[in-house]
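Residues per chain, in single letters:
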Amino acid sequence: MPRPPAPDHRVGVVLLAAGSGRRLAPLTARRPKALLDVHGRPVIVRQLDQLRAAGFGDVTIVTGFRGDQLRRAVERAGHRDVRFVHNDGYATDTNLRSALLGTARAEAVLLVEADMIVPDAAWPIVARGAADAGATLWYTNGTVHPDQLGGMLVQDRARRVRELTIERTYHPAMRRKRKLAGIVQIGTEALAVARRRWRALADAGRDAYFHAPWLEGRAPLGGARDLGAAPTLCFNTPAEYYRALLKAGPTMAPRGPWRDVRMPDGLALVPVRELRHIEDYSRRRAQWLRGKIEREGVWRVPLAVDPAGLVMDGQHRFEVARALGLAFVPAAVLDYRDVAVWSLRDNYTVTRHEIVRRAMSGEIYPYKTAKHGFRTPMPEVHIPLELLRSFRAA
């Protein structure tokens, strides 16, 4: 297969990564959205690896929420040639000021939302478009579905854009539109026009999407290119995030040996039938917890288990999983050698060896006896209960 033409050196890349991702809480409580894990790599690091492989060399990242944390993560991943620009007004900026700051040195630019999963197969399509620095190209994810809102366009048969809109409610006429993919190449002429308008809006104190010059009819619309079988995967809530991970690859879905099933942040999906209690639990509390999880519709806290399936922390959650008929639950798989243990009762000795012996023999400790000390707190996962229920044991 012939190699796609290299991107024109005048086409710089700007990754918009300033947002705080409030709707993704609690997953974004301590990190920006662009650092959420995608099969072992932060979203933005994955994008940077892909951009490098596609031949893009000039990359600027616009930071905002926890910008220093994002910068350190990018540099640790080996991307030290990236330029960073900080948007101090990220908390009130939709993305117009981020676009203005990020494109200050660009002749033409590829604007990319840094908080979405882009399939590898999408980048050759984008790289071919970037061979022409004068072209403005809006990348799309096919026709609009009823559950999709946001940026859309209408194109003609020659793939010229005739209309650009941002929709907040669905109506049937939107079926003829195509959903924006979060990637747009702004050519040299259009960028000059767009930057003048962005500057005017910013100076006037107006907040708007970076699309404003095109929505207002001030900048040339250009063309459209569909990503076909390689659509981008956007997410704004925890439920959308986990569904995007499943679409992005088989790594999270429990189809093989459970120790190979990886979730974000080093967690795993472990089969409930392979788990064992190390101590008794309160039936009343397990019943209360089941009701809470069912009412909320989400599983918030992973279990802590050892490789043999001994439940270090989460005896009640384990029982809830069994009562709900779940085949898999999220868990941190930890080695007992890395976990401190002690007894909460004077008349019981708690050691790693004794925990394992009792669990394997069925002679578990009484409720609230064995205590574990973990090096880091368990992260909240916020997995939709319906998604966990959809996983079936082989």
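Treat the numbers as computed from the prediction; the structure is a model and nothing was measured. (Residues numbered from 1 in each chain as written. Predicted model: local features only at pLDDT ≥ 70, side-chain atom pairs only at ≥ 80, totals over all residues. Heavy atoms only, no water.)

**Student:** Please set out the pairing of strand β9 (residues 150–155) residue by residue, giving values where relevant.
**Tutor:** For β9, the tally of buried residues reaches five of six residues, placing the bulk of the element in the interior. Pairing analysis gives six bridges linking β9 to strand β10 (residues 161–167), with the strands arranged antiparallel. If you follow Leu153 over to β10, its bridge partner there is Leu164. Between β9 and β10, which pair antiparallel and follow one another directly, the connecting turn spans five residues, one of which, Arg159, has a positive phi of 65°. (Buried < 20%, exposed > 50% of the residue type's maximum accessible area, 1.4 Å probe, protein only. Helix = DSSP H or I, 4+ residues; strand = E, 2+ residues; numbered from the N terminus. Pairing = 2+ DSSP bridges.)

**Student:** Tell me what's going on with the packing of aromatic side chains, and back it up with residues and numbers.
**Tutor:** Inspection of every chain in the model, using the stated rule, returns six aromatic pairs. Judged by centre distance (5.1 Å) and plane angle (55°), the rings of Tyr241 and Tyr242 are tilted. Each member of the pair, Tyr241 together with Tyr242, is buried. If you follow Arg358 out to its NZ or CZ, it ends over the ring of Tyr365, 4.4 Å from the centre. (Phe/Tyr/Trp six-rings, centres within 6.5 Å; stacked < 30°, edge-to-face > 60°. Lys NZ or Arg CZ within 6 Å of the ring centre and 35° of its normal.)

**Student:** How would you explain the pairing of strand β21 (residues 370–373) if you had to name every residue and give the values?
**Tutor:** Where burial is concerned, the two faces of β21 differ: the one with Ala370 and His372 is buried and the one with Lys371 and Gly373 is not. Direction of pairing for strand β20 (residues 340–343) relative to β21: antiparallel, over a ladder of four bridges. Across the sheet, the residue bridging to Trp342 is Lys371, located in β21.

**Student:** Help me get a handle on the environment of Gln155, residues and values and all.
**Tutor:** One can find Gln155 in strand β9. In the structure, Gln155 is positioned 52 residues away from Thr103 in sequence and 26 Å away in space, judged by C-alpha atoms. Those residues in contact with Gln155 that lie beyond four places of it in its chain are Arg160, Val161, Arg162, Arg178 and Ala224. (Contact = heavy atoms within 4.5 Å.)

**Student:** With reference to specific residues and values, describe the environment of Arg389.
**Tutor:** When you line up the elements, Arg389 lands in helix α11 (residues 385–390). Sequence separation of Arg389 and Arg76 is 313 residues, and the distance between their C-alpha atoms is 37 Å.

**Student:** Just give me the short version of the sheet that holds strand β18 (residues 310–313), but keep the residues and values in it.
**Tutor:** The mixed open sheet is built from five strands, whose spatial order is β14-β19-β17-β18-β15. Both edges of this open sheet fall to β14 (268–271) and β15 (276–277), since each of them pairs with a single strand only.

**Student:** Outline unusual backbone geometry, listing residues and values.
**Tutor:** Peptide bonds are mostly trans, and most non-glycine residues show a negative phi. Put simply, Ala25 and Pro26 share a cis peptide bond, and its omega is 10°. Of note, Pro26 is situated in the loop between β1 (11–17) and β2 (37–38).

**Student:** Could you give an account of the packing of helix α8 (residues 283–296) against helix α9 (residues 315–324), with specific residues and numbers?
**Tutor:** One way to put it is that α8 packs onto α9 with a least axis distance of 9 Å and a crossing angle of 65°. For the crossing formed where α8 meets α9, the hand is right-handed. In this structure, α8 uses Arg285, Ala286, Leu289, Arg290, Ile293 and Glu294 to contact α9, whose residues at the interface are His316, Arg317, Glu319, Val320, Ala323 and Leu324. Of the residues contributing to the contact of α8 with α9, the split by class is six nonpolar, one polar and five charged. (Axes fitted to C-alpha atoms, helices over the stretch in contact; angles between N-to-C directions. Left-handed = near helix turned anticlockwise from the far one by under 90°. Nonpolar A, V, L, I, M, F, W, Y, C, P; charged D, E, K, R; others polar.)

**Student:** Go over α8, please, and point to the residues and values.
**Tutor:** Over its 14 residues, α8 runs 20 Å from end to end, which matches the ideal 20 Å to within 8%, given 1.5 Å per residue. Ala286, Leu289, Gly291 and Ile293 are the residues of α8 that are buried. Residues of α8 that are buried sit in contact with β16 (298–299), α9 and α11. Following α8 by one or two positions, Gly297 adopts a phi angle in the positive range, close to 75°. (Expected span 1.5 Å × (residues − 1).)

**Student:** Please give an account of the side chain of Gln50 that cites residues and values.
**Tutor:** Inspection of the secondary structure assignment puts Gln50 in helix α1 (residues 43–54). Overall, Gln50 belongs to the buried group, its relative accessible area being 6%. Gln50 has contacts with Val118, Pro119, Asp120 and Trp123, leaving out every residue within four places of it along the chain.

**Student:** Provide a residue-level description of the nonpolar core, including the pertinent values.
**Tutor:** In this structure, Trp299, Leu303 and Val329 are the most contacted members of the largest nonpolar core, which totals 40 residues. Every element with two or more residues in this core is listed here: α7 (238–248), β14, α8, β17 (303–305), α9, β19 (328–333) and α11. Beyond its immediate stretch of four places on either side in the chain, Leu303 contacts Leu275, Val311, Asp313, Gly314, Arg317, Phe318, Val329, Pro330, Ala331, Ala332 and Met378. One finds Leu15, Ala34, Ile44 and Ala54 within the second-largest nonpolar core, a separate group that totals 38 residues. (Core = buried A, V, L, I, M, F, W, Y, C linked by side-chain atoms within 4.5 Å.)

**Student:** Break down the pattern of salt bridges for me, citing the residues and quoting the values.
**Tutor:** Side-chain pairing between opposite charges can occur once the charged atoms of the two side chains come close. Using the criterion set out here, one finds 29 salt bridges in the structure. Where Glu216 meets Arg218, a salt bridge forms, and the shortest distance between an N and an O atom there is 2.8 Å. Among the residues examined, Glu216 registers a relative accessible area of 34% and is labelled partly exposed. Residue classification places Arg218 among the partly exposed positions, given a relative accessible area of 49%. Between Arg300 and Glu380 there is a salt bridge, and its shortest N-O distance comes to 4.0 Å. Highlighted residues: Arg300 in the loop between β16 and β17 and Glu380 in the loop between β21 and β22 (383–384), separated in sequence by 80 residues. The exposure class assigned to Arg300 is partly exposed, which follows from its relative accessible area of 28%. Connected through shared salt-bridge partners, Lys292, Glu296, Arg300 and Glu380 make up one network. (Salt bridge = Lys/Arg side-chain N within 4 Å of Asp/Glu carboxyl O.)

The values reported here are purely geometric and, on their own, carry no functional implication.
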